[in-house]
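Coordinate inspection notes
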Amino acid sequence: MRRFRALFLLSLSIVVLDAAFFAFAHRSTVRAATPASGTLSLTSLPLQWDGFALPATSPNESTCVEGVNCDTFTFTLAPGDYTGKRVRFRITWTNQFNDYDVFAHAGSNAGAEVQSSGDGAPETVEENTFDINRVVSAGVNDTFTIHTVYFAVATIDPYHGVVSLEDISSVNVRTAKHVVGNKSGLRFSRNRTVWATGAGSNAEPSVRVDFQGNGYVGAPRGLTGGTDLWRFDLNPLSPTYDPFLRAATATFDAGGNPTNPAWKGQPDAIMIADDSATLGGDGGGDYDMAVGFSLAGGVLPGAAPTLAMSSLVAANISVQNSADRGDTILRNPAGNILVPEDDREWQEFLGSSVVYMGYRELAGLQSSAKFYVNRSDDGGLTYGPAVLAAVGGNTTGDVTVDQRDGTVYFCFQGPGANGNKEVHVAVGTPPNLLVPPVTYTVVTAATGQNSIANLFPACKVADDGTLYVTYSDGGTGIVLAHSFDHGKTWAPPVRVDEHREPAVKLMPWLATGKQPGSVAVVWLAAEGPDSEDGLGQNNNNSNWKVWMAQSINATMSMPTFYQNVASDHFIHGSNVSVAGLVLSGESPNRNLLDFIQLALDPQGLALVAYGDDHNDFRGQTFVAHQLSGYNLNTGKRVDIKDTDPGDAVNTADPEVKDWRHDARAETRPPILPDIDTPADIVSIDYGCTTIGGLPAISATLRASGLESVPPLGVWRMSFASNPTKPGVSDRADQWFLIAETDDAGNRTFSYGTAARNTDGSITYTKQGAADVGRFDLATRSVTMSVLTAKLNALQTHGTITDKTKFIGLRGFASVDNFVIPVNTPAASTSVATGITDATRGGTTFSCK
């Protein structure tokens, strides 16, 4: 049920304050549940108790004061066989505007939480269940507490509590309880984007966090463009602990020289002779990584778990690894995979040095598609022969490995009409940990009501051997299923998400904690109330956010999922492609590519990475870190106080800053010449001016090598106004100013409108001549202005005034037939080619 943090709280605030004062004045009279404890057996009647009669309020369980704004009932299970039994706890009260929350713990209130109920007013009941389903012995995990928190109790209204036993339902369905919004306890850091020199796009990110707290995020640039790697310190004992991901922020000096602490470079970079200039990468089509679960024997103190990476070109998978957290990287361009036409590789470690890689052969029909698994024994640098894991299937989910016995699981979408609704898992059981499985058995983990290609199913095996799969059921919901016996049998699937319907939900990913039954799931969703047309469908009117849910009892018959928004903004305003590489009819928008991911840090909190184009030309990677919620390694609540002031913005600086020398020569692979060029944007400064006493918008683009104006050049500056969704450029009136030269060097200056197309590209339409246009070669810049009245004559989203905040600030420059000089760091011979530069999205500006 959706949390209702209701308007009634405002009207009752005075009453609650009075209640709090009353509670303070009566602290000398400590109150408690009556009775405070009991014993529950297979033959006993339900246990009953009453809460104390006192108005009180407590914002959360961790800070409540026993006997003042919370109380505890403790019960013990008598020895016996409780197989097939579960506990139901229930409290009821009278006033529907009072609000209690209930938490069940193992052992004591300090123990792991096993279940809770925290629905909001108006309501007069909180209840939930947790499974016992085992033989209970005296003194062995037989004690539980029911901790009742007086969340907002404004009147004297004591609750009545009941604890009882009941049979676990044998019906082949599981229905979850959902706690959504602020009361879920989930809170996330400010979302930040990562930066990489010369990257026109970085989407479809992979995420891993090793047991030391080294957090890695990586993403591809596109075929032959290579991949990028970023690192974050998520070790709470480290002096450089960075829970707010401040290292993601890149800063630039006036010359365009960056300080970019998180970026570790391109793992698959191609090197030239003795020079280290980047010439793209040996891959970039797909990317994945894995981290070791232990340290290899004989390593020096202070060593880090191995990081293994892979990068895809259709004809090959190149691989890399690092033993020092990505500071230095060993590369194997050959990859040793030896299967032609590979598609969508995934990786996972077994222990410290063994890495399994699963992938599909990109050839033939679904019915004959082959799925392979290779094993590396040297930390993912070389791989042994391919083992056929399955024949027949479509989209490939990831590979996961049971650290206890080495069982390998490779999940994918089944083939055929009905198979497209099925999650299949290829299960490989090795004879021992020293050798790989030689055969795989394919099992069906779950069957959806619709096609599950939305997009990749995901699978993960927990520390206790429980295997989980998650998938999107045709966009209608995010579903989770699990198996306790290596995939032989599966519990009924359960719905993870709860949204304001209609809504569409896509691209789930999964992580598991050390606490049994603990999972975190992340996905994209567009809710009807947020859509431009109110329909909540995957179309050009959808506005998307990233959502996350976690559970500490996901394997129970009635699990609870705590859900909240992980992104602090709308990340995308258009359709999201679920077509993969197959484009038919009207092309879908692939700016976000095909998946997002999360991983858990040492505190059992999530590091989330996702693609985002709300302020960029194309998809770029953003990151968020969970600050509060459940520690999925212990089952206890954790809360990191948010002391992040945000990134400082100097209003005197240009709104858009860009790397010096990141203009790309459009070759395959692309060249990044380390020289000043007239297309190498360093900054764009926007502002408000007047022309003939009338208001106008101006922009100045500075390029490192604009010492002369070359022929066949383009310098375009974009901006947007009055979005229907905050910060989303594609939901605004989009404008541009453009300077161009023809083949004779003649100059024109224009303004126009822009619009995002269904396929994610942008169409630019010139509307007339700019009112001001000039090059200033002394400052290596081009400046243009347009009267505000001309823009207002074309606006469709609202009139531009002196208070309008402009978003979508970004720029593009290109020069055709640019000659890269001989013996530059990226060219040993003279090269004539087109050269381009596109900036990342900048900050905002307004005239006041």
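Just so you know, these numbers come straight off a predicted model, no measurement behind them. (Residues numbered from 1 in each chain as written. Predicted model: local features only at pLDDT ≥ 70, side-chain atom pairs only at ≥ 80, totals over all residues. Heavy atoms only, no water.)

**A look at the overall build of the chain**
Rules: Put simply, DSSP marks the helices as runs of H or I at least four residues long and the strands as runs of E at least two long, and each gets a number from the N terminus on. Note on method: radius of gyration uses C-alpha positions; expected globular size equals 2.2 Å times residues raised to 0.38. Think of it in three bands: with a 1.4 Å probe and only protein chains considered, a residue is buried below 20% of the maximum accessible area for its type, exposed above 50%, and partly exposed in between.
What the chain contains, in helices and strands, is four helices and 58 strands. At 29 Å, the chain has a C-alpha radius of gyration in line with the 29 Å of a compact globule built from 848 residues. A principal-axis box enclosing the C-alpha atoms of the chain has dimensions of 95 × 70 × 55 Å. For the chain, the residues scored as buried account for 59% of the 848 residues in total.

**Points about the sheet that holds strand E29 (residues 387-391)**
Inclusion rule: For two strands to be treated as a pair, DSSP must find at least two bridges joining them. Axis definition: a line fit to C-alpha positions, over the contact stretch in the case of helices; interaxial angles, taken between N-to-C directions, run 0 to 180 degrees.
Taken together, four strands build an open sheet; the order of strands is E26-E27-E28-E29 and the sheet is antiparallel. Of all strands in the sheet, those bounded by a partner on one side alone are strand E26 (342-350) and E29. With direction set aside, neighbouring strand axes in the sheet form an average angle of 20 degrees. In this structure, strand E27 (residues 354-361) lies alongside strand E28 (residues 370-376), joined through six bridges in antiparallel fashion. When the bridges of E28 are listed, Arg360 appears paired with Phe371.

**Notes on the pattern of salt bridges**
The condition is simple: Note on definitions: salt bridges are taken to be side-chain nitrogens of Lys or Arg within 4 Å of carboxyl oxygens of Asp or Glu.
Per the counting criterion, the structure on display carries 45 salt bridges. One salt bridge connects Glu740 with Lys766, and the closest N-O pair in it is separated by 2.4 Å. Taken together, the residues span a long stretch of sequence, with Glu740 in strand E52 (residues 733-741) and Lys766 in strand E54 (residues 762-769) at a distance of 26 residues. The exposure class assigned to Lys766 is partly exposed, which follows from its relative accessible area of 46%. A single salt-bridge network, built from bridges that share partners, covers Arg86, Arg88, Arg90, Glu127 and Glu166.

**Concerning the environment of Tyr440**
What counts, and what does not: Throughout, a contact is declared for two residues whenever any of their heavy atoms are within 4.5 Å.
Relative to the elements of secondary structure, Tyr440 occurs in strand E33 (residues 440-447). Overall, Tyr440 belongs to the buried group, its relative accessible area being 12%. Residues Tyr440 and Ser37, 403 residues apart in the sequence, show an inter-C-alpha distance of 52 Å. Every residue in contact with Tyr440, bar those within four places of it in the chain, is listed here: Val373, Val387, Leu388, Ala389, Val408, Ala426, Val427 and Gly428.

**With respect to the nonpolar core**
The following threshold applies: Throughout this description, the term nonpolar core refers to a set of buried Ala, Val, Leu, Ile, Met, Phe, Trp, Tyr and Cys residues connected via side-chain atoms within 4.5 Å.
Grouped together as the largest cluster of nonpolar side chains are 71 residues, with contacts concentrated most on Leu480, Val546, Met548, Phe561 and Leu598. Element by element, the count of residues in this core is highest for strand E39 (residues 519-527), at eight residues. Among residues more than four places away in sequence, those in contact with Leu480 are Arg174, Tyr468, Val469, Thr470, Pro492, Pro493, Val494, Val496, Leu510, Val519, Ala554 and Phe561. Formed by 38 residues, the second largest nonpolar core is a distinct cluster that contains Leu701, Met717, Leu737 and Ile800.

**Section: the sheet that holds strand E32 (residues 422-428)**
Within the open sheet, the four strands sit side by side as E30-E31-E32-E33. Their pairing is antiparallel. Across the chains shown, the open sheet's two edge strands, defined by having one partner strand only, are strand E30 (396-401) and E33. Neighbouring strand axes in the sheet, compared pairwise and without regard to direction, differ in orientation by 20 degrees on average. Examined bridge by bridge, strand E31 (residues 408-413) and E32 share six bridges and lie antiparallel to one another. Residue pairing across strands places Phe412 opposite His424, the latter belonging to E32.

**Description of the state of the cysteines**
Applied cut-off: Cysteine sulfurs are considered disulfide-paired once they come within 2.5 Å of each other.
In the structure shown here, the tally under the stated rule is three disulfides. Between Cys64 and Cys70 runs a disulfide, and the two sulfur atoms are separated by 2.3 Å. Here the disulfide of Cys64 and Cys70 is right-handed, its torsion about the S-S bond being about 85 degrees. Judged by relative accessible area, Cys70 falls into the buried class, the value being 1%. For the chain, numbering the cysteines in disulfides from first to last along the sequence yields the connectivity 1-2, 3-4, 5-6.

**Focus on the side chain of Thr148**
As a reminder, the rule being used: Counting of polar contacts relies on pairs of N or O atoms within 3.5 Å, with two restrictions inside protein: one atom must be capable of donating a hydrogen and the other of accepting it, and residues adjacent in sequence are counted only when both atoms are side-chain atoms.
With respect to the secondary-structure elements, Thr148 resides in strand E11 (residues 143-153). Among the polar contacts made by the side chain of Thr148, one reaches the side chain of Tyr159 at a distance of 3.4 Å. Excluding residues that lie within four positions of it along the chain, Thr148 makes contacts with Asn69, Cys70, Asp71, Ile91, Tyr100, Asp101, Val102 and Tyr159.

**A look at unusual backbone geometry**
Each neighbour pair has its own omega, and for Thr34 with Pro35 the value is -10 degrees, a cis peptide bond. Position of Pro35 relative to the elements: it lies in the loop between helix H2 (13-25) and strand E1 (37-40). Each neighbour pair has its own omega, and for Ala121 with Pro122 the value is 0 degrees, a cis peptide bond. On the secondary structure map, Pro122 appears in the loop between strand E8 (113-117) and strand E9 (125-131). For His661, which is not a glycine, the phi torsion comes out positive at approximately 70 degrees. Note that His661 resides in the loop between strand E47 (656-657) and strand E48 (664-665). Within the chain, Leu712 stands out as a residue other than glycine whose phi angle is a positive 55 degrees. Note that Leu712 resides in the loop between strand E50 (694-703) and strand E51 (713-721).

**Section: the side chain of Thr72**
Structurally, Thr72 is set in strand E4 (residues 70-77). On the basis of relative accessible area, Thr72 is assigned to the buried category, the value being 13%. Engagement of the side chain of Thr72 in a polar contact is seen with the side chain of Glu66, the distance being 2.7 Å. One polar contact links Thr72 to Asn109, side chain to side chain, over a distance of 2.8 Å.

**Thoughts on the packing of aromatic side chains**
Stated precisely, the cut-off is as follows: What counts as a ring pair is set by centres within 6.5 Å for rings of Phe, Tyr and Trp (its six-membered ring), and what kind of pair is set by the plane angle: stacked under 30 degrees, edge-to-face over 60, tilted for all other angles. Comment: the charge-over-ring label is applied if NZ (Lys) or CZ (Arg) is within 6 Å of the ring centre and within 35 degrees of the ring normal.
In total, this model carries 31 aromatic pairs according to the counting rule given. Ring plane angle 55 degrees and centroid distance 5.8 Å describe the contact between Trp195 and Trp659, whose orientation is recorded as tilted. Here Trp195, found in the loop between strand E15 (192-193) and strand E16 (206-209), pairs with Trp659, found in the loop between E47 and E48; they are 464 residues apart in sequence, far enough to count as distant. Overall, Trp659 belongs to the buried group, its relative accessible area being 4%. With 4.4 Å between their ring centres and 20 degrees between their planes, Phe371 and Phe412 make a pair best called stacked. Taken together, the residues span a long stretch of sequence, with Phe371 in strand E28 and Phe412 in strand E31 at a distance of 41 residues. With a relative accessible area of 0%, Phe371 lands in the buried category. Judged by its relative accessible area of 1%, Phe412 falls in the buried class. Stacked on the ring of Trp346, the Lys or Arg Arg344 has its end atom at 4.0 Å from the ring centre. Over the ring of Trp195 we find Arg840; its NZ or CZ atom is 4.9 Å from the centre of that ring.

**Looking at the confidence of the model for the chain**
Using the following cut-off: The pLDDT value tells you how sure the predictor is about a given residue, anywhere from 0 up to 100.
Here the chain averages 91 in pLDDT, while 93% of its residues score no lower than 70. Confidence drops under a pLDDT of 50 for residues 1-28, and excluding neighbours within four residues, the segment shows 43 contacts in the predicted structure. This stretch, residues 272-279, has a pLDDT under 50; its non-local contacts, to residues over four places away or in other chains, come to 14 contacts.

**Topic: the pairing of strand E46 (residues 636-639)**
Within a regular strand, side chains alternate between the sheet's two faces. The pairing of strand E45 (residues 620-631) with E46 spans four bridges and is antiparallel. Residue pairing for E46: Ser628 is matched across the bridge by Asp639. In textbook terms, the turn of a hairpin is the stretch between consecutive antiparallel strands, and for E45 and E46 this stretch comprises four residues, one of which, Gly635, has a positive phi near 80 degrees.

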